[in-house]
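Spelled out, the chains give:
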Amino acid sequence: MLDRLEIADFAVARSVVIEPGAGLTVFTGETGAGKSLVVDALAFVFGARRGREVIASGAERATVRAHVGGRVLERTIALSGRTSARIDGEPATVEDLRALAEGFVDIHGQSEQLAILSPRVQLAVLDEFAGLSGEREAVSRTVRELREVRRQLGSLATDARERERLVEQLRFETEEIDGAALRPGEAEELRREQSVLGNARRLLEDVAAALEALDSAALGEVVRATGDLAQRDPGASDVAELAATLESTAGELSRTLRRYRESLEEDPERLAAAGERLDRIARLCRKYGETVEDVLRYGEDAARRLAGLTGEGASLDGLRAKEASLLGRLGEQATDLSRARRAAAGDLVRAISEELESLSMGQAVLSVGFACEDDAAGPLVAVPDYEIVITRSPLAGEGELHGVAFTEAGVDRVEFLVSFNAGESPRPLSAVASGGETSRFLLALTTALGSAGSGRLEVLDEVDEGVGGRTGAVVGRALRRLAAKHQVLCITHLPQVAAFGDRHVVVSKQTDGERTWSEIAVVDGGARVEELAAMLGGTGEAGLQAARELLAAAAQ
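These lines cover the structure that appears in this document, whether it is placed above or below. Worth saying up front: this structure is predicted, and the values here are computed from it rather than measured.

1. Points about the overall build of the chain
The number of helices and strands found in the chain is 19 helices and 18 strands. For 556 residues, the compact-globule formula gives about 24 Å, and the C-alpha radius of gyration of the chain, at 37 Å, lies well above that figure. Principal axes of the C-alpha set define a box for the chain whose edges measure 110 × 80 × 45 Å. When each of the 556 residues of the chain is scored for burial, the buried share is 42%. Taking contacts inside the chain between residues at least 6 apart in sequence as the whole, the part at least 24 apart equals 69%.

Set out below in structure tokens:
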């Protein structure tokens, strides 16, 4: 659950703190007040791409911090356009933020309403509803393997002379790097050794001077004198202890200097060898990378490429056999995935239809169309080329085994077919939905998906767009049903929807003539009645009474 959201210098949200709580939290306010910034800020902190234009005028950076289930997620964007992220105070990547978002948050803005019109998104929705992410990922892995094998086949089909030239180049590079027998960190060790050997004479002189000074120091007399001092004055015992420590430390220093002297020697041959080795390393770094580690990585990559061109499996026959095996595996996986999707489509249609009926769209007729495109180079599958799944309809069963086109998502093209008006034949959602119908369809879909999962954070930006006041109440009830299982944040312009909120937040725009900023306030009691009355456009006691009636109706 989102416990707290802190927004700093994000557009007109100069300093905003929101603690939404459980259930349904509604956000209202005049157009341009910054209601949708809540959605944008949440999307940003969970990894969405945003540019430096979101930074408030006069600020150096924008920061959003989300407290989620005991964890703290933070993301900042600077004027340079660079972003940084932290999780629980530790540096993190945008991918880390997105991974957390995938686990518990759905953000539905106006762009998502448009996205649901895309067959690609509709296919992803069906897979989420059916719990087929594992099967889909298995198909995706096989497709990537197949494409790599086909890439290698294409490489083998290129000019043999060019291929031989590349083999010779890679062989020379790997032999040169392997022959150098480089070790990570070797250059640094050699440079230190070179420095020591090159300064051996001066170092020996420095050691001799230090030992002479230590030997000539009358530390024994110091110890005896301070000992006598301590006997005559017990309060000076710490002075005697310091003198004894000084003598002991000087002795240890003398022994250490003698050991160090024994390790030093003038060795012109070793000095020359270290220089030659460093020169060899430098030549390799100029050719293959800036550091020894870079050179070693280049060598490993070159060895893999060489093995791909000359090793086992690089032959045309071997690759063709592997391609055939992968095509067979992909055919089985794609067939199983397609059948599972078609079986689940009827349940999704029923779930969405039930929600649409509760949203006063009971006349809507929904189905899911499945299509496969023939492709002789694709895997063989046994599913129908075209099939429409409707509520409680039996599936068409197996089709003839035939090759079809494929992507990493499988072999299906899925499209939601719908008719919102009685007497009209179902057509693709993108061709028939108006703004209000798309909004309610998205809400019905969100609720249907929510019924199949565990508690999540659902964020909806004006899901009532295009919906009139008469239908607002049914949208509000649907949101309340969704909020019974999930934490829901909803931006709305309808008082009929806002009345259903467990918590009501008003966003307002403030200015001092030079700067503009947004402020938020949680309203309750009389303040909430006044906000709803203002949204209704009513004035005086009549407007307040209408607002009270909305709240009373929502509470039933």
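2. Thoughts on the side chain of arginine 528
Note that arginine 528 resides in helix α18 (residues 525-536). No salt bridge forms around the buried arginine 528; measuring N to O, its nearest opposite-charge neighbour aspartate 524 is 5.4 Å away. Setting aside anything within four residues of it in sequence, one finds arginine 528 in contact with Ala498, Ala499, Phe500, Gly501, His504, Val523 and Leu551.

3. Some points on the sheet that holds strand β11 (residues 386-389)
An order of β11-β9-β13-β14 is seen for the four strands of this open sheet, with the pairing classed as antiparallel. If you trace the sheet from one side to the other, it starts and ends with β11 and β14 (427-428), each paired once. Against the sheet, helix α4 (residues 119-130) touches β9 (365-371) and β13 (413-419), its axis set at about 95° to β13. Taken strand by strand, helix α13 (residues 316-358) contacts β9, β11 and β13, and its axis lies near 160° from that of β9.

4. Focus on the sheet that holds strand β5 (residues 71-78)
Taken in spatial order, the six strands of this open sheet run β2-β1-β4-β5-β6-β7, and their pairing is antiparallel. Either end of the sheet is taken by a strand with one partner, and the two such strands are β2 (13-18) and β7 (90-92). Taking each pair of neighbouring strands and ignoring which way they run, the sheet shows an average axis angle of 15°. In the sheet, strand β1 (residues 2-10) pairs with β2 via five bridges, with the strands oriented antiparallel. When the bridges of β2 are listed, phenylalanine 10 appears paired with alanine 13. Here helix α1 (residues 37-45) sits on the sheet in contact with β1, β2, β4 (61-68), β5 and β6 (83-87), set at roughly 100° to β1.

5. Brief notes about a nonpolar patch on the surface
On the surface, Tyr386, Ile388 and Ile390 cluster together into a nonpolar patch covering about 290 Å² of accessible area. With respect to the helices and strands, the residue isoleucine 388 is situated in strand β11.

6. What to know about the nonpolar core
Ranked by internal contacts, the top residues of the largest apolar core, which has 56 residues, are Leu24, Ile352, Phe416, Phe420, Phe441, Leu443 and Leu479. At seven residues, α13 tops the list of elements feeding residues into this core. Apart from the residues lying within four places of it in its own chain, the contact partners of leucine 479 are Leu24, Leu443, Leu460, Val463, Val488, Cys490 and Val497. Within the second largest apolar cluster, 42 residues are counted, among which are Leu5, Val38, Val45 and Ala59.

7. Side note on the packing of aromatic side chains
In total, this model carries two aromatic pairs according to the counting rule given. Plain terms: the ring middles of phenylalanine 10 and phenylalanine 44 are 5.7 Å apart, the flat faces sit at 45° to each other, and that makes the pair tilted. Within this pair, whereas phenylalanine 10 is found in strand β1, its partner phenylalanine 44 is found in helix α1, the two being separated by 34 residues in sequence.

8. Digging into the side chain of serine 419
Secondary-structure assignment places serine 419 in strand β13. In terms of polar contacts, serine 419 uses its side chain to reach the backbone carbonyl oxygen of glutamate 424, at 2.9 Å. Sequence-distant contacts of serine 419, that is, excluding residues within four places in its chain, are made with Gln363, Ala364, Val365, Glu424, Ser425 and Pro426.

9. Observations regarding the packing of helix α5 (residues 133-156) against α13
Two quantities define a packed helix pair, namely the angle between the axes and the distance from one axis to the other. The interhelical angle for the contact between α5 and α13, taken along N-to-C directions, is 155°, at an axis separation of 9 Å. Relative to α13, α5 is oriented roughly antiparallel. As α5 runs across α13, the sense of the crossing is left-handed. Taken together, the residues of the contact of α5 with α13 sort by class into 14 nonpolar, three polar and nine charged.

10. Concerning a negative patch on the surface
Side chains of Glu373, Asp374, Asp375, Asp385 and Glu400 sit close together on the surface and give a patch of like negative charge. Looking at the secondary structure, you find glutamate 373 in the loop between β9 and β10 (380-381).

Rules used in this analysis
Residues numbered from 1 in each chain as written. Predicted model: local features only at pLDDT ≥ 70, side-chain atom pairs only at ≥ 80, totals over all residues. Heavy atoms only, no water. Helix = DSSP H or I, 4+ residues; strand = E, 2+ residues; numbered from the N terminus. Rg over C-alpha atoms; globule rule 2.2 N^0.38 Å. Buried < 20%, exposed > 50% of the residue type's maximum accessible area, 1.4 Å probe, protein only. Contact = heavy atoms within 4.5 Å. Lys, Arg positive; Asp, Glu negative; His and termini not counted. Salt bridge = Lys/Arg side-chain N within 4 Å of Asp/Glu carboxyl O. Pairing = 2+ DSSP bridges. Axes fitted to C-alpha atoms, helices over the stretch in contact; angles between N-to-C directions. Patch = residues over 30% accessible without salt bridge, like charges linked within 9 Å, V, L, I, M, F, W, Y side chains within 5 Å. Areas by Shrake-Rupley, 256 points an atom, 1.4 Å probe, with all protein chains shown as cover. Core = buried A, V, L, I, M, F, W, Y, C linked by side-chain atoms within 4.5 Å. Phe/Tyr/Trp six-rings, centres within 6.5 Å; stacked < 30°, edge-to-face > 60°. Polar contact = N/O pair within 3.5 Å; in protein donor to acceptor, adjacent residues only side chain to side chain. Parallel < 35°, antiparallel > 145°, perpendicular 65-115°, else oblique. Left-handed = near helix turned anticlockwise from the far one by under 90°. Nonpolar A, V, L, I, M, F, W, Y, C, P; charged D, E, K, R; others polar. Charge placed at Lys NZ, Arg CZ, Asp CG, Glu CD.

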